[in-house]
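Close look at the chain arrangement
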Amino acid sequence: MRIFSILFLAVTIFLFSCGKSGKRSETSDLNLSSVILLDDAEDFLPGWSEENRVIMHISSEPDNLHPTNGNSLPRLEINNYIHGFILRSNLEGEGLVAELAEKLPDVSEDGLSFMYKLKSNLTWDNGQLLSPSDVIFTAKAQKCLYTNNHAGKSYWNKIETITADSLDPLRFTIRMKEKNIQNIAFLFSFPIMQESFHDPNGILRAFDFSMLDDSTMDKGKSGILQQWATQFNDDKYGRIPEHINGIGPYKVKHWEPGQYVELVRKQKHWNPELQLMPDKIIYKVNKDENSTLLEFRNQSMDASMSLSTGTFLELASDSSVRANYHLILTNSYNYTYLAFNMRPLESGRLPLFDDHSVRKSLAGIVPVDKLIKVVYKDYSSQCKRMATNVSPLKKEFNPYVKPLPYDPLKSSQQMKNAGWKDSDMDGVLDKVSDGKKISFEAELIYLNTGSDWKDMAMLITEEFGKHGIKVYPIAADIRTFVQRARAREFDLLLGSWGANALPEDFTQLWHSSSWKNNGSNYSGFGNDLSDALIDSIRTELDQEKRIRMVHRLQEIIIDEQPAVFLYTSLRRNIVHKRFGNVKLYADRPGILLNDLRLLSVSQGKTSP
Amino acid sequence: MRKYVFRRILFFPISLLALAIASFILLKAIPGNPAELKLIREADVSRSDHQTDQVALTMLEEKYGLNLPLFYFEVVPSENNIWIPSVNFHVDNQFHRWFFGDGFNNAGIIRGDFGISYATAQPVSQLISSRIWWSVLLALFSVLLAYFLSIPIGLKSAASPGSVFDKSSNTLLTILYSIPSFWFATLLLMLFANPEFLSIFPASGVKPLGGMENDSMLDRITAILPYLVLPTITYTYSSLAFISRTVRISILDILRLDFIQTARAKGLEEDKVLRRHAFRNALLPVITIFSGVFPAAIGGSVIIESIFSIPGMGLTIYQSIDARDYPVIMAVFIITGLITMTGYLISDILYALADPRISFQKEN
């Protein structure tokens, strides 16, 4: 009986703690700025750790830390601190800022050549100076047919050549094959590698750029290249700390598989702010929401940008957590949408959404406010409604385009006008098309990765059901989801797109060629006018002209209504108050951990 | 006995081949092209301007051999006997490549090379060896704990069936057995890793941050043990009911037999009757359960490993299936198959040791 009593008590306590409600934390009002600087804590509380290390929560482990060969998000984030980049995204404003380069490049009149100059004092860990030969090596390694960076090759294949300046040892010019608005921007996500580390014998020097992606190269030469690439691709360069080499301020000290990756600050580095940075940055893996919640209650983690909404709300309602952490929602460039399959007959589906008046009328019964409420609950007012396919944070956003209002009555009338009626009184709209009677029954696919998606899919199903549209929600894991989306095996698709502050090439999402080649134009949107506009946007380097064209594209897209654009995603941030100088960005990665400064106990201010 | 063991071992490769073919076909039926998924950077899966290069896709499919047919053989009329056709096997197929290697990066499963993981680019054997120990360690701990607790409970219940102890232990263990492991694990976390109640165990992971390379073995064990307590309890609790009930029923069956009555009639104490005569004879079902422990360790438990952030096999398999990482999934199938067969062979041998009446010799 005693055992029973203990168990009962335990269960009661557990249930009680689960159902507990408390005052919500005060979070800052969101505006549309790309950065928010939080106030430092006034006092350094006695219970706070004085260790100058940041423990960052990640929900999945990086696939590896190889400078080129990998495709996971944590890898990109961690590599930010290990490696250096010619340019970086300007998180505090717009566009790009120079990192390893002195400034943004000088562009030639034809818009194809970009002249860069490296900063003069940049050294690798062995004391060697960073030089254009490292940049040339990096580009060649990325472009080489046999290196395993398959995801990034399409960007590097646009390079025609890179030449080092014969007069200035720090200057080099990148020549691109064709004009493109991303000819500069693509550099920001690829780290520069040290030639003497990865290619000590200078194998790649014998190959010029045109040879590197030539699959018809003779066997002798390709054999040499393959041999070098086999070495370069070796897993040790992405997993064993001694073999991970970068010009960034941190190096990998330890990687405990499935547990954590530990970075330590270098003793010597060219960055003048090195001594102010945290001694260590530890990325700790925890994919379970409950234990993540406890980790923060125990103060055994310092920061996260990837909390689930539920965990964030639970932590925000806990006063002891609020005393120790900043909890704040920030805007991001990502957005959620409900896409229609506009070309059903070409993808073997019923002709439900091929008529744009039907798509427009359905846009009027999507309960966007309720969907936002479902996801963000008490914080829903901080979430911005998306009007078009461009985030309202971007300067390309067209403020004159308004989303269609929620208007069920008008929508019902529009559906009748389009020929959809419940003629057999079975509660589902129907219509005769090509002599055949079809019922308005649609498959809605959504991701099974979180309860938010499911809740939204159920709400849409319910709301559409009230208007005679039978929806069959189908949850899919991300691989199946992408495959079905690309094969156009859906009628409705609930998904999200990510974006950043940089100029966007709309080809992949909205060009009709991207429908034909099974690209990411899932809806099938596109006509001659929009395609021409997208092609022009892609190559227009004059910003004002380009923005005008993007505005026009948004008007066309909203008129065609290939999707209902729902809301901008909010990033759920938590950062320990023992750190100051906390800046939260709209763009990825949301925070720069090396910017954090441990607040001293005595001064309650940023430590020197 | 030796002959029997030898004969069983001879059947291992045939069974493994059948398992490999069946699992290979099943695996390829899962939707999702690993090459296409590999090409999309995770950061770009939802990025609105990512680019998928068709040339790169073709190259990657060729590299993984995904452009080849699953199997490639032809059935042709035999020259000698028109009724019995002959089968010609060809090498350009995915199964052959996986089994015998590609002659370049992969030596093939037949030479013990499981290949390279699509997802992490690590050799599969290296990936599995870095993960399997946590699953084995936890499985071993939990089995030992389960047997340590269940056998005495089963014995005591069998000694006095219908007693208060028998009924109450039966009820409690049945309740435990009914609790889902994810709920129980979360309950333990909320009770024992929560500053609002008791914060005596870590909430996640298997070792402290910062590495333990310079620590002595004792220090390492001391540091790691607190991390293993809650996962071990979660692994163990549900098997308590099963093992103790199995022991109880087996002993009750044995206690009804004549030789037990004889032992009692000789005046042997009840405790000795139970331990010396009944218990040994009741061991067979318990041994059967034990044979399933090691395959279970390979499979791990996805839920428990996810909740406690244990880098074990369960989580690895789940992630591999999610990433359509065929080399890892196939390796796990083969290793699990091999260990399951070995487990059953060991349990057969243990049967013979536990009960001398069992013989694997053919009777004339």
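Bear in mind that the values here come from a model prediction, so they are computed numbers and not experimental data.

Definitions and limits used
Residues numbered from 1 in each chain as written. Chains lettered and ligands numbered in written order. Predicted model: local features only at pLDDT ≥ 70, side-chain atom pairs only at ≥ 80, totals over all residues. Helix = DSSP H or I, 4+ residues; strand = E, 2+ residues; numbered from the N terminus. Rg over C-alpha atoms; globule rule 2.2 N^0.38 Å. Contact = placed C-beta atoms within 7 Å. Buried ≥ 20, exposed ≤ 12 C-beta atoms within 10 Å, placed from the backbone. Nonpolar A, V, L, I, M, F, W, Y, C, P; charged D, E, K, R; others polar. Pairing = 2+ DSSP bridges. Axes fitted to C-alpha atoms, helices over the stretch in contact; angles between N-to-C directions. Core = buried A, V, L, I, M, F, W, Y, C linked by C-beta atoms within 7 Å. pLDDT = per-residue confidence, 0-100. Parallel < 35°, antiparallel > 145°, perpendicular 65-115°, else oblique. Left-handed = near helix turned anticlockwise from the far one by under 90°. Domains from an automatic or database assignment. Arc of directions from axis to C-beta.

1. Section: the overall build of chain B
Along chain B, the regular secondary structure elements total 15 helices and two strands. In terms of overall size, chain B is more extended than a compact globule, its C-alpha atoms giving a radius of gyration of 26 Å where 364 residues would be expected to give roughly 21 Å. Viewed in the frame of its principal axes, chain B has a C-alpha envelope of about 85 × 70 × 40 Å. For chain B, the proportion of contacts with a sequence separation of at least 24, taken over those separated by at least 6, is 66%.

2. Section: the overall build of chain A
If you tally the helices and strands in chain A, you get 20 helices and 22 strands. A compact globule built from 608 residues would reach a C-alpha radius of gyration of about 25 Å, and chain A, at 27 Å, matches this within 12%. Seen through its principal axes, chain A has C-alpha atoms that stretch 80 × 75 × 45 Å. Classification of the 608 residues of chain A by burial places 46% in the buried group.

3. Considerations on the interface of chain A and chain B
In this complex, chain A contributes 54 residues to the contact, which on the side of chain B involves 55 residues. Sort the elements by how many residues they give to the side of chain A that touches chain B and helix α1 (residues 2-19) of chain A lands first, with six residues. Per-class residue counts for the side of chain A that touches chain B are 18 nonpolar, 22 polar and 14 charged.

4. Examining the sheet that holds strand β8 (residues 171-176) of chain A
All names here are of chain A. Here four strands make up an open sheet; going across it, the order is β5-β6-β8-β7 and the pairing antiparallel. Strand pairing shows two members of the sheet lacking a second neighbour, β5 (106-107) and β7 (159-164), which therefore form its edges. Pairing of strand β6 (residues 113-117) with β8 involves five bridges; the strand directions are antiparallel. Across the sheet, residue F114 finds its bridge partner in β8, namely I174. Its contacts with the sheet put helix α3 (residues 132-143) on β7 and β8, and the angle it makes with β7 is roughly 160 degrees.

5. As for the nonpolar core
In terms of nonpolar packing, the biggest core is built from 196 residues, with M56, I86, L338, L444, L492 and L494 of chain A touching the most fellow members. A per-element tally of this core places helix α8 (residues 217-255) of chain B first, with twelve residues. Each residue touching I86 of chain A, except ones within four places of it in the same chain, is listed here: E99, L100, A101, Y116, V135, L187 and I192 of chain A.

6. With respect to helix α9 (residues 289-297) of chain A
All names here are of chain A. A large share of α9 lies buried, amounting to eight of its nine residues. Among the residues of α9, N290, S291, T292, L293, L294, E295, F296 and R297 are the ones counted as buried. Just downstream of α9, Q299 is the residue with a positive phi angle, here 60 degrees.

7. A closer look at the confidence of the model for chain A
Detail in the predicted coordinates should be disregarded across regions flagged by low pLDDT. All names here are of chain A. Averaged over every residue, the pLDDT of chain A is 89; the share at 70 or more is 93%. Here residues 1-31 is a poorly scored stretch, pLDDT under 50, and it has 30 contacts once near neighbours within four places are set aside; other chains count. The model gives residues 604-608 a pLDDT under 50, and that stretch makes 15 contacts with residues more than four places away or in other chains.

8. Some points on the pairing of strand β15 (residues 436-439) of chain A
Residues and elements named next belong to chain A. Where strand β14 (residues 430-433) lies against β15, four bridges are found, and the strand directions are antiparallel. When the bridges of β15 are listed, S433 appears paired with K436. Connecting β14 to the antiparallel partner β15 that follows it, the hairpin turn spans two residues, and D434 within it adopts a positive phi of roughly 50 degrees.

9. Quick notes on unusual backbone geometry
Residue and element names in this part refer to chain A. In this chain, R588 is followed by P589 through a cis amide linkage whose omega measures 5 degrees. Inspection of the secondary structure puts P589 in the loop between β21 (583-585) and β22 (597-598). Unlike most non-glycine residues, D434 shows phi in positive territory, near 50 degrees.

10. A look at the packing of helix α13 (residues 368-376) of chain A against helix α15 (residues 451-466) of chain A
If you want to describe how two helices pack, look at the angle between their axes and the distance between the axes. All names here are of chain A. In the contact formed by α13 and α15, the axes pass within 9 Å of each other and the chain directions differ by 155 degrees. As summarised for this structure, α13 and α15 are arranged roughly antiparallel, according to the angle between their axes. Relative to α15, α13 is oriented so that their crossing is right-handed. Counted together, K370, L371, V374 and V375 of α13 and D452, D455, M456 and L459 of α15 form the full contact between these two elements. Here the contact of α13 with α15 is composed, by residue class, of five nonpolar, no polar and three charged.

11. Some details on the domain arrangement of chain A
Residue and element names in this part refer to chain A. For chain A, the assigned domains are domain 1 (36-59 + 245-331 + 570-598), domain 2 (73-237) and domain 3 (334-569). The distance between the C-alpha centroids of domain 1 and domain 2 comes to 31 Å. Listed as interface residues are 18 residues of domain 1 and, on the opposing side, 20 residues of domain 2. Counting residues per element, the ones that place at least two in the side of domain 1 that touches domain 2 are β9 (250-256), β10 (260-265) and β11 (280-285). With three residues, the top contributor of residues to the side of domain 1 that touches domain 2 is β9. Of the residues in the side of domain 1 that touches domain 2, the class split is twelve nonpolar, four polar and two charged.

12. So, the domain arrangement of chain B
Residue and element names in this part refer to chain B. Each domain of chain B was delimited in the assignment, giving domain 1 (2-43 + 52-111) and domain 2 (124-354). Computed from C-alpha coordinates alone, the two centres of domain 1 and domain 2 are separated by 36 Å. Contact residues are listed per partner, giving 16 residues for domain 1 and 13 residues for domain 2. When contributions to the side of domain 1 that touches domain 2 are tallied by element, the ones reaching two or more residues are α1 (2-28) and α2 (34-39). By residue number, the principal contributor to the side of domain 1 that touches domain 2 is α1, which donates ten residues.

13. Description of helix α16 (residues 478-486) of chain A
Considered for burial, the residues of α16 of chain A that qualify are R479, F481, V482 and A485 of chain A. The buried residues of α16 of chain A occupy one face: seen down the axis, they fall within an arc of 165 degrees. Buried residues along α16 of chain A sit against β16 (441-447), β17 (470-476) and β18 (492-497) of chain A together with α2 and α14 (313-322) of chain B. Looking one or two places after α16 of chain A, you find R488 of chain A, whose phi comes out positive at around 60 degrees.

14. A few points about the confidence of the model for chain B
Residues and elements named next belong to chain B. Residues with a pLDDT of 70 or more make up 92% of chain B, whose mean pLDDT is 84. When pLDDT is averaged over each helix and strand of chain B, the minimum, 68, is found for helix α12 (residues 293-299) and the maximum, 94, for helix α7 (residues 181-192). Within the model, the stretch residues 42-50 combines pLDDT values under 50 with 25 contacts to residues more than four positions away or in other chains. The ipTM, which scores confidence in the relative placement of chains, is 0.82 for this predicted complex, and the corresponding pTM is 0.86.

15. A short note on the environment of I224 of chain A
All names here are of chain A. Mapping I224 onto the fold places it in helix α7 (residues 219-232). I224 gets classed as partly exposed once you count the C-beta atoms within 10 Å, which come to 15. The sequence separation of I224 and I203 amounts to 21 residues, and the corresponding C-alpha distance is 7.9 Å.

16. A few points about the packing of helix α6 (residues 164-178) of chain B against α8 of chain B
Residue and element names in this part refer to chain B. Relative orientation of the contacting elements α6 and α8 amounts to 135 degrees, with a least axis distance of 7 Å. Relative to α8, the element α6 is oriented oblique. Of the two possible hands of crossing, α6 and α8 adopt the one that is left-handed. Contact with α6, carried on its side by L173, T174, L176 and Y177, involves Y237, S238, L240, A241, F242 and S244 of α8 and no other residues of that element. Looking at side-chain class alone, the contact of α6 with α8 contains seven nonpolar, three polar and no charged residues.

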